[in-house]
Amino acid sequence: MPQPPITVLIIGAGFAGLTAAIECTRHAQRVILLEAAPALKPLGDIISLGHNAGRIIQRWDGGRVARELAPLCHRSSGMAVRSADGELLVHQEWADSDAAFAKGDGEKFNGHRAEIHEVLWRHARRVGVDVRLGCRVERYFESADGAGVVLAGSGEKVTADVVLAADGVRSTARTAVLGYEDRPKSSGYAIWRAWFSAEELAKEPLTRHLVVDGDRHEAWIGPDVHFIAASLKGGKDFSWVCTHKDTTDVKESWSAPGSIDEALAVLANWDPVVRAIVRLTPPARLVDWKLVYRDPLPTWVSPGRRIALLGDAAHPFLPTSIQGASQAMEDGATLAVCLELAGTAGTAGTGAAEGTRARNGVPEALRAYERIRYERVRRAQKTGESTRDRWHKADVEQVRRDPDAVKLPREEWLLGHDAEAHAYAVYGETVEQLRREDEVEVKRSVL
């Protein structure tokens, strides 16, 4: 029987790691997925996967994964944007843009992070991904023909042809890639976030309308603060996030229990509906999450070109981009194609020779992945900054004259993207461009 062309070792079973594992399996690579947690835990709150991520999911198991996600996710016709005192500024309808971006089965999925993650987790196991829990990485290493990790505690080495590090915003793989430790910085902002049963909200006259007639989506904007609330599962569950100024040191921790009183103090004189939502939030369900920032990394690929960063390990996103998880999934889909095509640019063949070329082509494939993804990701990251600033610096009088100014940007280049198709289309020319650049560099060094 023909053997898989390469073995892929993936670190981290978040959305980036799971997508990479599923996609590499789809593209006939052998996958080993290591996760530090000893067990899958139902953590987190709301997460949004855009049409560009939904297009990836729709390909899995003939649409089965998408069908499993559908009943878990938020359904609303649009989002109302209000001023801090509750005045309706604009209602942004989703129907037209959703229809445009859903082409090619690009459905969006918004729901509880843990519930969506569990569906993807089950699918990864179903397609045969070799998942190993309780495996915390102590260090990374690479050689001319492979890479691997050393596990903490046991000292066990796990090796492969390539390592994909999806180990999150606190990635230890960055040191292997960059050659130095890259610490997070405070973005100057934090968010309170919560997810809880809507039962008490349904009893409160101020909030009842948000949960009794299906799913609703509302946002309030004020000076350097914005508040977004959504009901889900037909009004059964409720989620809210509030972004506000915060300069707390994030060197040690950026997540802690939130304070209802602190949130109410920041939202003093805001719409009574907002204050009622916060007041009725179970204190144990409120999280204070410091938003970290990192300067753009000069590279996502290690010096030996056998280790690559993806997802938050490579590019943390602000929540206002609504693209962090989606771009992480695009990373996974793109990497799988690049590794499938590794060593094939300008060559042909099958069998053992093809497998050898694939292994030898891994460094080139990782460089192609970075080149294909880098500028797109930077552009997507900037949407988070621009949306946040547009909301936090909004002048209500000006918004009354131009309500479209505070609508969420929903653009074809971002949501209409098909990462897999794009990677197939540009891989060959990307590799050729890299080879030409290498030739120029060699000539320059000789001179």
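Going by the structure above, here's the rest.
Note that the structure is predicted; figures quoted are calculated from it, not measured. (Residues numbered from 1 in each chain as written. Predicted model: local features only at pLDDT ≥ 70, side-chain atom pairs only at ≥ 80, totals over all residues. Heavy atoms only, no water.)

J.: Please give an account of the sheet that holds strand 8 (residues 137–143) that cites residues and values.
T.: The sheet built from three strands is open, its strands ordered 8-9-10 with antiparallel pairing. Among the strands making up the open sheet, the edge pair consists of strand 8 and strand 10 (157–160). Pairs of neighbouring strands in the sheet enclose a mean axial angle of 20 degrees, with direction left out of account. Relative to strand 9 (residues 146–151), strand 8 runs antiparallel, the two being bridged by six bridges. For Val137, the partnering residue across the bridge sits in strand 9 and is Leu151. (Pairing = 2+ DSSP bridges. Helix = DSSP H or I, 4+ residues; strand = E, 2+ residues; numbered from the N terminus. Axes fitted to C-alpha atoms, helices over the stretch in contact; angles between N-to-C directions.)

J.: Residues and numbers for unusual backbone geometry, please.
T.: With a phi close to 55 degrees, Lys233 is a non-glycine residue in the positive phi region. With respect to the helices, strands and loops of the structure, Lys233 is situated in the loop between strand 14 (225–232) and strand 15 (237–245). The phi torsion at Arg305 lies on the positive side, around 60 degrees, for a residue other than glycine. Mapped onto the elements of the fold, Arg305 is located in the loop between strand 17 (286–293) and strand 18 (307–309). Taking relative accessible area as the criterion, Arg305 reaches 33% and is therefore assigned partly exposed. (Buried < 20%, exposed > 50% of the residue type's maximum accessible area, 1.4 Å probe, protein only.)

J.: Just give me the short version of the sheet that holds strand 18, but keep the residues and values in it.
T.: Here five strands make up an open sheet; going across it, the order is 7-2-1-11-18 and the pairing parallel. The open sheet has two edge strands with one neighbour each: strand 7 (130–132) and strand 18. Each neighbouring strand pair of the sheet contributes to a mean axis angle of 20 degrees, computed without reference to strand direction. Here strand 11 (residues 162–165) pairs with strand 18 via three bridges, running parallel. Directly across from Leu164, in strand 18, lies its bridge partner Ala308. Contacts from helix 1 (residues 15–26) reach strand 1 (7–11), strand 2 (30–34) and strand 11, with the element oriented near 165 degrees to strand 2. (Contact = heavy atoms within 4.5 Å.)

J.: Can you tell me about the packing of aromatic side chains, naming the residues and giving the values?
T.: By the definition in use, this model includes five aromatic pairs. Judged by centre distance (5.8 Å) and plane angle (75 degrees), the ring pair of Trp220 and Phe227 falls under edge-to-face. Classification of Phe227 by relative accessible area gives buried; the value is 0%. An angle of 40 degrees between the planes, with centres 5.2 Å apart, marks the rings of Trp300 and Tyr374 as tilted. Here Trp300, found in the loop between strand 17 and strand 18, pairs with Tyr374, found in helix 12 (residues 362–392); they are 74 residues apart in sequence, far enough to count as distant. The same class applies to Trp300 and to Tyr374, which are both buried. Counting every residue linked through ring pairs, the aromatic cluster contains Trp220, Phe227 and Trp240. One residue, Lys157, lies across the ring of Phe141, its end atom 5.4 Å from the ring centre. The ring of Trp413 is capped by Arg379, whose NZ or CZ atom sits 3.9 Å from the centre of that ring. (Phe/Tyr/Trp six-rings, centres within 6.5 Å; stacked < 30°, edge-to-face > 60°. Lys NZ or Arg CZ within 6 Å of the ring centre and 35° of its normal.)

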